[in-house]
Amino acid sequence: MEVITLFKLLETFRVVYETRNFSKAGEILFISQPSVSSQIKQLEAELKTTLFLRNGRKEIVATPQADLLYQGTLDLLENWNGLLTELSSERDQTTVCRIAASHTFAVYVLPQLMKELVPKFPEVSFSLRMLNSMEVLDAISKHEADLGFIEKPLSTGNVQRFTLMEDQLVLAGKQDSTPWLVREPSSGVYYYTKRYLEENNLTPPLMEVHNNEVIRELLKQGVGRSILSKRAAEGIEYKELPEGYRRNFYLLQREGLDGEVLSRCITFILQWSRFS
C-alpha cells in the first residue's frame, strides 16, 4: 500500500474512532458515508484485524485493536504533519506552537503572556484557540494543540501538567439579583459555583452561559450574579470569597512534544508565571 493512501486511511480511522459514527465522520471529512465505510474495510483488510463492531445501531463499538491503533495513529499523524510543516517552513526556520486556553486564562492572562513570549521567540509561529478546560485537555490528548492552559485540576493521564499562578474567585453582581449565571459543567469554574450553592443551601434559578465575556456583560447590565475570576470582575460589584475559592492555572504539555525551541518556551512560561 502506498504511504499517502495509508495516511488517508488512518486519518479516516481517527475521525471514525473519535465520533463512533460513519455518517458524522463523513461530514467532517467531506466524503460520503459509504466512502468512510469502504476505507475502514480497506484498512481492516490491510491490517488483517477488526477495528469496529457494527451491530446495526448508529453508534459503533471500537475493538481493543482499534484502541491500540488509535494511540499509534495520533503519534504517526502528528509526526507526519510535523514533518510537512517543517519542510514547508524550512526556508524561514519557523517552529509552530498551537496553544489552547480556557476562557479566563485566554482573556485575562494569555495576552500578557504573549506580549512577552512573541518577541522572545520570533522563530515561533503561534496559533491560539479558546476552549473550556475539558476541551483544552481533549485537544492536547488528540495532538490538536501543543500547549494548553486550564483552570481546573483535571486528571490528565499521560499529558504533563505544570502548576502556574493562583486565581482568586469572587461572587460578582448585585447580591440579591437573579438568576445565577453559571458556566457549563465542563468549565473550570462550574465546580466552585456548585460547591458554593451547596455550602450555602441555595437553590436559585440558573442561567447557563457558555462564555465568560457574555457573563461579564450581563453582570454589568445588572442581570444576575455569578462566581468568576477576580481578574474578570473589574468594573463590577463583587464580594470576596473564602480561601477555599482560590484556584490555580495549569500548563499542559502534549505527550511526545519535543524540540529545543518549544522546550525553551515552556521554561520561559514557567518562570514568567512566578512573577505574574
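Structure's up top.
Everything numeric in this text was worked out from a predicted model, so none of it was measured.

A. Up close: the packing of aromatic side chains. As enumerated under the stated definition, the model contains 10 aromatic pairs in all. Taking 4.3 Å as the distance between ring centres and 5° as the angle between the ring planes, the aromatic pair formed by Phe 105 and Phe 149 counts as stacked. A residue pair is termed long-range when its members are at least 10 positions apart, and Phe 105 in helix α5 (residues 103–108) and Phe 149 in strand β5 (residues 147–150) qualify at 44 residues. Each of the two residues, Phe 105 as well as Phe 149, counts as buried. Seen in terms of ring centroids, Tyr 192 and Tyr 245 are 6.1 Å apart; in terms of plane orientation they differ by 55°. Their pairing is tilted.

B. Looking closely at the environment of Tyr 108. By secondary structure assignment, the location of Tyr 108 is in helix α5. With a relative accessible area of 14%, Tyr 108 lands in the buried category. Remark: the alpha-carbon pair of Tyr 108 and Pro 34, spanning 74 residues in sequence, is separated by 46 Å. Leave out the neighbours within four places in its chain, and Tyr 108 touches Glu 213, Arg 216, Arg 231 and Ala 232. Only 3.3 Å separates the side chain of Tyr 108 from the side chain of Arg 216, close enough to count as a polar contact.

C. Representation of the environment of Met 207. Relative to the elements of secondary structure, Met 207 occurs in strand β8 (residues 206–208). Separated by 27 residues in sequence, Met 207 and Trp 180 place their C-alpha atoms 6.0 Å apart.

D. Structural view of unusual backbone geometry. Cis geometry is found at the peptide bond from Thr 178 to Pro 179, where omega equals 0°. Inspection of the secondary structure assignment puts Pro 179 in the loop between β6 (160–173) and β7 (180–182). A positive phi is found at Arg 20, a non-glycine position, where the angle reads about 55°. Along the polypeptide, Arg 20 turns up in the loop between α1 (3–19) and α2 (22–29). Taking the relative accessible area as the measure of exposure, Arg 20 reaches 24% and is therefore partly exposed. Positive phi, normally seen in glycine, also occurs at His 143, with a value near 65°.

E. Representation of helix α6 (residues 110–120) within the structure. For α6, every residue scored as buried is listed here: Leu 110, Leu 113, Met 114 and Leu 117. Each buried residue of α6 lies within a common arc of 95° when the element is viewed along its axis, so the set occupies one face. In α6, those exposed residues whose orientation departs by more than 90 degrees from the buried face are Lys 115 and Pro 119. Turning to α6, the residues buried within the fold contact β3 (95–101), α5, β4 (124–130), β5 and α10 (260–273).

So, how was this worked out
- Residue indices begin from 1 for each chain and proceed along its sequence in written order.
- For a predicted model such as this one, the threshold for reporting local features is a pLDDT of at least 70, and the threshold for listing and counting side-chain atom pairs is 80 or more; totals across whole chains, interfaces and linings nevertheless cover every residue.
- Excluding hydrogens and water, the side-chain values take into account all heavy atoms of the structure.
- In this scheme Phe, Tyr and Trp rings, the latter by its six-membered ring, pair at centre separations within 6.5 Å, and the angle between planes marks the pair as stacked below 30 degrees, edge-to-face above 60, and tilted otherwise.
- Labels follow the DSSP assignment, with helices taken as runs of H or I lasting at least four residues and strands as runs of E lasting at least two, numbered in each case from the N terminus.
- When a residue's accessible area, from a 1.4 Å probe over protein chains only, is under 20% of the maximum for its type it is buried; when over 50% it is exposed; and in between it is partly exposed.
- Residue contacts are defined here by distance: any two heavy atoms, one from each residue, within 4.5 Å place the two residues in contact.
- We call two N or O atoms a polar contact when they sit within 3.5 Å, provided that within protein one can donate a hydrogen and the other can accept it, with sequence-adjacent residues counted only if both atoms are side-chain atoms.
- This arc describes the spread of directions from the helix axis toward the C-beta atoms.

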